[in-house]
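Chain and residue survey
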Amino acid sequence: VAGVMGNPGQANHSAANAFLDQLAGHRRALGLAGQSIAWGAWSGIGEAEEHRERIERALEAKGTGWITPAQGLEALRVGSIQNELGLQKNIDAGMTYVEFGPEMRAHSDNAVSNSVVPNWVDRVGVDSHFVQVFNRAIGPVVGITIEADGTITRDQ
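Residues numbered from 1 in each chain as written. Predicted model: local features only at pLDDT ≥ 70, side-chain atom pairs only at ≥ 80, totals over all residues. Heavy atoms only, no water.

With that settled, the discussion passes to the overall build of the protein. The helix and strand inventory of the protein stands at 7 helices and 2 strands. Scanning the protein from its N terminus toward the C terminus, one meets helices and strands in the order α-α-α-α-α-α-α-β-β. Counting only residues that meet the buried cut, the protein has 26% of its 156 residues in that class. On the protein, roughly 10100 Å² of surface is accessible, and the fraction owed to carbon and sulfur atoms is 57%. (Helix = DSSP H or I, 4+ residues; strand = E, 2+ residues; numbered from the N terminus. Buried < 20%, exposed > 50% of the residue type's maximum accessible area, 1.4 Å probe, protein only. Areas by Shrake-Rupley, 256 points an atom, 1.4 Å probe, with all protein chains shown as cover.)

What follows is the structure in structure tokens.
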């Protein structure tokens, strides 16, 4: 997110992230694999955690929060599913794709059902057009349905 919104004291991260965003876009325009993700601050790890107190105030001012490692890994997994073309290009280019093991998959599924999706529904509103789009386009891929009352059901 530093490349998109910027954060005080992170000009170096902002410049590097903006460059990586453009590099990924350029590679994709050439038909090559390229991906850049504007993550935001992950809790418990990395540079953001080292400056937690200062960054926490900035996150609150922007109306955002920390990304837990479980949320970040699940977002990466879902993004990989949604971007099969890019994933296939990476595999064709010699990269190895490793499936999550059963323990990580269970942890990830639990985080999505109990935290990531419900928090998102709270932010956008259960009556939002985005919830309908999720149920139509994303839910069937990841096995999740957002019910009319906002509860989450998983396909078994």
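Continuing now.
Right, let's talk about the side chain of Ser113 for a bit. Summarising the element assignment, Ser113 is placed in helix H6 (residues 102-124). Within the structure, the side chain of Ser113 is placed 3.2 Å from the side chain of Arg154, a separation counted as a polar contact. (Polar contact = N/O pair within 3.5 Å; in protein donor to acceptor, adjacent residues only side chain to side chain.)

Taken together, the side chains of Phe19, Leu20 and Leu23 define a hydrophobic patch exposed on the protein surface, amounting to about 280 Å² of accessible area. Structurally, Leu23 is set in helix H1 (residues 11-29). (Patch = residues over 30% accessible without salt bridge, like charges linked within 9 Å, V, L, I, M, F, W, Y side chains within 5 Å. Salt bridge = Lys/Arg side-chain N within 4 Å of Asp/Glu carboxyl O.)

The terminal C-alpha atoms of H1, which comprises 19 residues, lie 27 Å apart, in line with the 27 Å expected from a rise of 1.5 Å per residue. Where H1 terminates, the next one or two residues include Gly31, which has phi positive at roughly 85 degrees. (Expected span 1.5 Å × (residues − 1).)

Here we take up the nonpolar core. Listed in full, the 10 residues of the largest apolar core are Val78, Val112, Val117, Val121, Val131, Phe134, Val142, Ile144, Ile146 and Ile152. If you list the elements that add at least two residues to this core, you get H6, helix H7 (129-142) and strand S1 (144-146). Each residue touching Ile144, except ones within four places of it in the same chain, is listed here: Val112, Val117, Phe134, Asn135, Gly139, Ile152, Thr153 and Arg154. Residues Ala41, Ala48, Ile55 and Leu59 belong to the second largest nonpolar core, which totals 5 residues. (Core = buried A, V, L, I, M, F, W, Y, C linked by side-chain atoms within 4.5 Å. Contact = heavy atoms within 4.5 Å.)

With that out of the way, let us pick up the packing of aromatic side chains. The full count for this structure, using the stated rule, is 1 aromatic pair. Judged by centre distance (5.8 Å) and plane angle (40 degrees), the ring pair of Trp120 and Phe134 falls under tilted. Taken together, the residues span a long stretch of sequence, with Trp120 in helix H6 and Phe134 in helix H7 at a distance of 14 residues. (Phe/Tyr/Trp six-rings, centres within 6.5 Å; stacked < 30°, edge-to-face > 60°.)

Looking at the element boundaries, Pro140 is found in helix H7. Excluding its chain neighbours within four sequence positions, the residues that come into contact with Pro140 are Phe134 and Asn135.

The predicted model of the protein has a mean per-residue pLDDT of 77, with 82% of residues at 70 or higher. The least confident element of the protein is helix H5 (residues 84-92), whose mean pLDDT is 67; the most confident is S1, at 92. Across residues 1-5, where pLDDT falls below 50, the model places 15 contacts with residues more than four positions away in sequence or in other chains. (pLDDT = per-residue confidence, 0-100.)

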